[in-house]
Amino acid sequence: VRLAREGEAPQPGTVLLAGTNDHLRLLGPARMAYTEDPSDYLYRPSIDVFFESVARHWRGDAVGVLLTGMGRDGALGLKAMRER
């Protein structure tokens, strides 16, 4: 378990946590990045932003786990993953 670094790829057996107040986003199957956008989200970093990027860019199976939530953060992202 460690903080995610800009530009790195997800690796099996590693849990990555957002390390800033920016959103963590998957930009493709092998690259993660921090982004200020969307800037109007109440929760920062938002797990919805990450889950939605996984639904959009990850090729293959994925599992989203929401251990705790702030308000409804995570609900739309998990729904996007399920629909994909």
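Okay, so let's go over this structure. Note that the structure is a prediction, hence the values are computed from the model and not measured. (Residues numbered from 1 in each chain as written. Predicted model: local features only at pLDDT ≥ 70, side-chain atom pairs only at ≥ 80, totals over all residues. Heavy atoms only, no water.)

## Regarding the pairing of strand 3 (residues 23-28)
Bridge count for strand 3 against strand 4 (residues 31-35) is five bridges, and the pairing is antiparallel. Residue glycine 28 lies in a different strand from strand 4, and its bridge partner there is arginine 31. As consecutive antiparallel partners, strand 3 and strand 4 are separated by two residues. (Pairing = 2+ DSSP bridges. Helix = DSSP H or I, 4+ residues; strand = E, 2+ residues; numbered from the N terminus.)

## Things to note about the nonpolar core
Ala4, Leu16, Leu24, Leu26, Met32, Tyr34, Phe51, Val54, Ala55 and Met81 together form the largest nonpolar core, which totals ten residues. At the level of elements, strand 3, strand 4 and helix 1 (47-57) are the ones that each hand at least two residues to this core. Ranked by residues supplied to this core, first place goes to helix 1 with three residues. In this structure leucine 26 touches Pro10, Arg31, Met32, Phe50, Ser53, Val54, His57 and Trp58, once residues within four positions along its chain are discounted. (Core = buried A, V, L, I, M, F, W, Y, C linked by side-chain atoms within 4.5 Å. Buried < 20%, exposed > 50% of the residue type's maximum accessible area, 1.4 Å probe, protein only. Contact = heavy atoms within 4.5 Å.)

## A word on the environment of glycine 60
Structurally, the position occupied by glycine 60 is in the loop between helix 1 and helix 2 (75-83). The class of glycine 60 is partly exposed, set by a relative accessible area of 41%. Spatially, the C-alpha atoms of glycine 60 and proline 29 are 9.4 Å apart, while their sequence positions differ by 31 residues.

## Overview of the packing of helix 1 against helix 2
Each packed pair of helices is defined by two parameters, the angle between the axes and the distance between the axes. Look at helix 1 against helix 2: their axes get within 7 Å of each other, and the N-to-C directions meet at 10°. Of the possible angle classes, the one that applies to helix 1 and helix 2 is roughly parallel. Residues Asp48, Phe51, Glu52, Val54 and Ala55 of helix 1 form the contact with helix 2, whose own contacting residues are Ala75, Leu76, Gly77, Leu78, Ala80 and Met81. Its residues assigned to classes, the contact of helix 1 with helix 2 comprises eight nonpolar, one polar and two charged. (Axes fitted to C-alpha atoms, helices over the stretch in contact; angles between N-to-C directions. Parallel < 35°, antiparallel > 145°, perpendicular 65-115°, else oblique. Nonpolar A, V, L, I, M, F, W, Y, C, P; charged D, E, K, R; others polar.)

## A short note on helix 1
Count 3.6 residues to each turn of an α-helix, and residues three or four apart come out pointing the same way. Looking only at helix 1, the buried set comprises Asp48, Val49, Phe51, Ser53, Val54 and Ala55. For helix 1, the capping residue at the N-terminal end is serine 46, with a side-chain oxygen 3.2 Å from the backbone nitrogen of aspartate 48. (Polar contact = N/O pair within 3.5 Å; in protein donor to acceptor, adjacent residues only side chain to side chain.)

## Things to note about the environment of tryptophan 58
The residue tryptophan 58 is located in the loop between helix 1 and helix 2 in this model. Residue classification places tryptophan 58 among the partly exposed positions, given a relative accessible area of 25%. A C-alpha to C-alpha distance of 8.7 Å links tryptophan 58 and alanine 30, two positions 28 residues apart in sequence. Excluding its chain neighbours within four sequence positions, the residues that come into contact with tryptophan 58 are Pro10, Leu26, Pro29, Ser53 and Arg84. Of the polar contacts made by the side chain of tryptophan 58, one reaches the backbone oxygen of aspartate 61; its length is 3.0 Å.

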